[in-house]
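This is what each chain is made of:
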Amino acid sequence: MKRRFRRQDDNGAALILVLIVVTVIGISLGALLTFADSGVRTTEALRDQAAATYEADGGIQAAINTIRNSSYNAGPGQSCFGNSNTLSLPNFAGADSAVVTCTADPAKVLIQCPSLSQCNRPGSAVLTLGRIPGEDGVNIQQPNGSAFLVHGGIFSNSNINVVNGSLKTNTAVYARGACSGTITSNPSPASCNYGSTANTLGNDPGYSPAAASVPTYQPLPACTTANSVVTFSPGYYDDAVGLSNMMAGNSSCRHSTWWFKPGVYYFDFHNAGSTRNPLLLAGSDAWTVNDGSLVAGTPTNTAGAVVPTPSVPASIPGACANPINTTNVLNPPPGVQFIFGGDSQFAVKAGTAEICGTYSASKPPVAVYGLTSGSATPTALTGLSTTNVVSPGSFTNATTATLAKIDGQSATWTNTSKGSQTGTVTVSGYAPSAAIPAGSVLTSAQLRVAHGNSAGSVNDNLSVQINPTVGSAINVTVPAYGDNAMHTDSIDVSEGGTGSLASLVHQGAFSGAQLTYSATVKHTGVESLDAIQLDLTYVAPAFRAENGCTTTGPYTGLGNGSTCALVTSVNSPGNQFYIQGTTYAPNAVLDITLNNAAEQIFRFGVVSRSLWVKETGSFTYTGPVIEVPDDSPGFVFSVFLNVYVCPNSPTCTPPPPQTPTTPPLAESARVAFVDADPATPVPSQRQVSILSWSRGY
């Protein structure tokens, strides 16, 4: 039997392929639907997390704004949010609530200044403002092969002249004029012949002095014991020769520590020139420290701790509280500000000196200040008169009204005897309408006497005795005339500016006087006295802009005639000089020679008309001589803020400490608050700086 076979084709294979495709598509659609469902659920979860994040951010912002608009400064007994350290935010975002906890940060933090106008450090380490032809803005004389180091920017509004060695800074150098010598800067090279006026670093910062008016006059302290602490009180000093003589190696208090207690000092010397006070020894208006140790500010020991008085000899540097090392910005140790006016100068020769400024959260600690404005004007007291007749003596009609003015109304004494007779009248008063301030300089004193005699004789003996309320009497001869007319005599009673009146005016002790008019005659007749008056002119202490040799240019170095430097440090064995604060003298020159140092000389930068610095071969300090700090203690306190979010709840309570329960921590931040015056914050005027931030999820 014959078998029959069916022809084979691919119809069955196509069916299999279809089944495979259907299966793959089904599986893919199932997976896709599963992924879509997971994506929807993930999106919903992320949406919830984003909402919680926004709510946490909002909680932190609400807490920051609450503190910013308060006067909280982490003081004892204070809470961040009024009466509590917890800020509740019910229904903060729809149905969700939040709560923020606050904890004061016990650590002190350094932050950068917000801006130059709100900064407690200068914008440059060196800023010179002078543009006098022929005068260097910066003049550096350094031993060959060595570098003069500066930490911070350098800006000269004229030129920079590196005579020997090199000048090196860690940041930028600008000069509107040319540069000569080797200069290393970052960026390099230095920007010399810099013509742009847009760079505000070259502008005068215009710092104000620490006092708005002249402080109280202070006489020099007693100088009696060698190797002692000689204490100076804040105030106005006018005697450079007296200061220099005290701080010389042969004085009675030689080898002492000259301690200038914290406060404001004004030095306007009157030992020379047209403003010289004859009561002071003639000499230079330059105060020179030529022996001992000058310490200005809050005294500290070698460990940096505050002590009642500095040691003898003082351990310089480190003898006074340095504002850059301040740790208590709420109550910093006070320093000094030395203000110089007129042609007054300060020099450190064989002695040592350290001047410490006062920390501030909003302005540089200016330790040395050269005045840029102000002048002194004379005050004329014309016609000081009697206010009381003490004794009319032989004179009739001797009343206050009669004798107070030169008006033709006279007190009279009639002498009926030909023998020698004396008539007197005594009056008092002559008080200034306002007290004459101590430190004033008497420039003129005139006694005016209006008198006459009916007989007229040049042989009459006429006189006035001036008895100030305190002080020595002044006897004055009054001219006699050979006629019967009335005469008004103006008689100089200033005694060359060294007498009783000048001394009393300088001491601020002239408060009036008693005057006795005496007439001794040998003839009959009528002696008439119309009035006795005093005319006084004085110059009261005043802030005077630097002038004279301190502002004369071009300055070309020490000993160059009519020009001088405001601050000078000369080459002398053992000489050390430190200014722990900013030096601000935009109209004057600083000329410093260094042969010995243990740290920075100018700690908070220099602003001057011109800066001259010379290092000798014996100078071994290898750090920056002038610096401006990268950071300065510029803020008062910070807080830790933790925010918790409670979804779908009308209230929210933070979990107990150290307990990881609901609600979880949503966000935390460390926030600093910057105040112009840390002790008295001004709500809404506080600056905020976020120091750190993290999510809790």
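Preceding this section is the structure that the text describes.
Residues numbered from 1 in each chain as written. Predicted model: local features only at pLDDT ≥ 70, side-chain atom pairs only at ≥ 80, totals over all residues. Heavy atoms only, no water.

Enquirer: Describe in detail the overall build of the chain, supporting the description with residues and values.
Expert: Along the chain, the regular secondary structure elements total four helices and 37 strands. When the 697 residues of the chain are sorted by exposure, 50% land in the buried category. For the chain, the share of sequence-separated contacts (at least 6 apart) that also reach a separation of at least 24 residues comes to 70%. As displayed, the chain has an accessible area near 30,800 Å², and 53% of this comes from carbon and sulfur atoms. (Helix = DSSP H or I, 4+ residues; strand = E, 2+ residues; numbered from the N terminus. Buried < 20%, exposed > 50% of the residue type's maximum accessible area, 1.4 Å probe, protein only. Contact = heavy atoms within 4.5 Å. Areas by Shrake-Rupley, 256 points an atom, 1.4 Å probe, with all protein chains shown as cover.)

Enquirer: So what's going on with the nonpolar core? Residues and values would help.
Expert: If you look at the biggest cluster of nonpolar residues, it comprises 65 residues, and the most contacted ones within it are Phe-260, Trp-287, Leu-294 and Phe-338. With five residues, strand 32 (residues 582-594) is the single largest residue contributor to this core. Setting aside anything within four residues of it in sequence, one finds Phe-260 in contact with Phe-232, Met-247, Tyr-265, Phe-267, Trp-287, Leu-294, Val-295, Ala-296, Gly-297, Val-336 and Phe-338. By size, the runner-up hydrophobic cluster in this structure holds 40 residues, among which are Leu-384, Val-425, Ala-480 and Ala-519. (Core = buried A, V, L, I, M, F, W, Y, C linked by side-chain atoms within 4.5 Å.)

Enquirer: So what's going on with the environment of Lys-363? Residues and values would help.
Expert: Here Lys-363 is to be found in the loop between strand 18 (352-356) and strand 19 (366-370). Judged by relative accessible area, which is 52%, Lys-363 ranks as exposed. Sequence spacing of Lys-363 and Cys-119 is 244 residues, and the spatial spacing of their C-alpha atoms is 5.6 Å. The contacts of Lys-363, once residues within four sequence positions are left out, are Cys-119 and Asn-120.

Enquirer: So, the sheet that holds strand 1 (residues 86-93): which residues are in play, and what are the values?
Expert: In spatial order, the strands read 1-2-35-36-37; together these five strands make up an open sheet with antiparallel pairing. Sheet topology places strand 1 and strand 37 (687-695) at the edges, where each strand pairs with a single neighbour. Across the sheet, the mean angle from the axis of one strand to that of its neighbour is 25 degrees, orientation sign disregarded. Two elements, strand 1 and strand 2 (residues 96-104), share five bridges in a ladder whose sense is antiparallel. Following the sheet pairing, Leu-87 is matched in strand 2 by Val-100. (Pairing = 2+ DSSP bridges. Axes fitted to C-alpha atoms, helices over the stretch in contact; angles between N-to-C directions.)

Enquirer: Requested: an account of the sheet that holds strand 21 (residues 386-391), with residues and values cited.
Expert: Taken together, the five strands give an open sheet; going across it, the order is 21-23-28-25-26, and neighbouring strands pair in antiparallel fashion. Because the sheet does not close on itself, it has two edges, and the strands there are strand 21 and strand 26 (474-478). Averaged over all pairs of adjacent strands, the angle between their axes in this sheet comes to 25 degrees, without regard to strand direction. Across eight bridges, strand 25 (residues 461-468) lies against strand 28 (residues 513-521) in antiparallel orientation. Looking at strand 28, one finds that Asn-467 is bridged to Gln-514.

Enquirer: Report on the state of the cysteines, specifying residues and quantitative values.
Expert: Counted under the stated rule, the structure contains six disulfides. Disulfide pairing is shown between Cys-320 and Cys-356; the S-S distance is 2.0 Å. Between Cys-320 and Cys-356, the S-S dihedral sits near 70 degrees, and the bridge is therefore right-handed. Pair noted here: Cys-320 is in the loop between strand 15 (293-296) and strand 16 (336-340) and Cys-356 is in strand 18, with a separation of 36 residues, a long-range link. For the pair shown, Cys-320 and Cys-356 are each scored as buried. Cys-646 shares a disulfide with Cys-652; S-S distance 2.0 Å. One quick way to see it: the torsion about the S-S bond of Cys-646 and Cys-652 is about 65 degrees, and its sign makes the bridge right-handed. By relative accessible area, Cys-646 is classed as buried at 12%. (Disulfide = S-S within 2.5 Å.)

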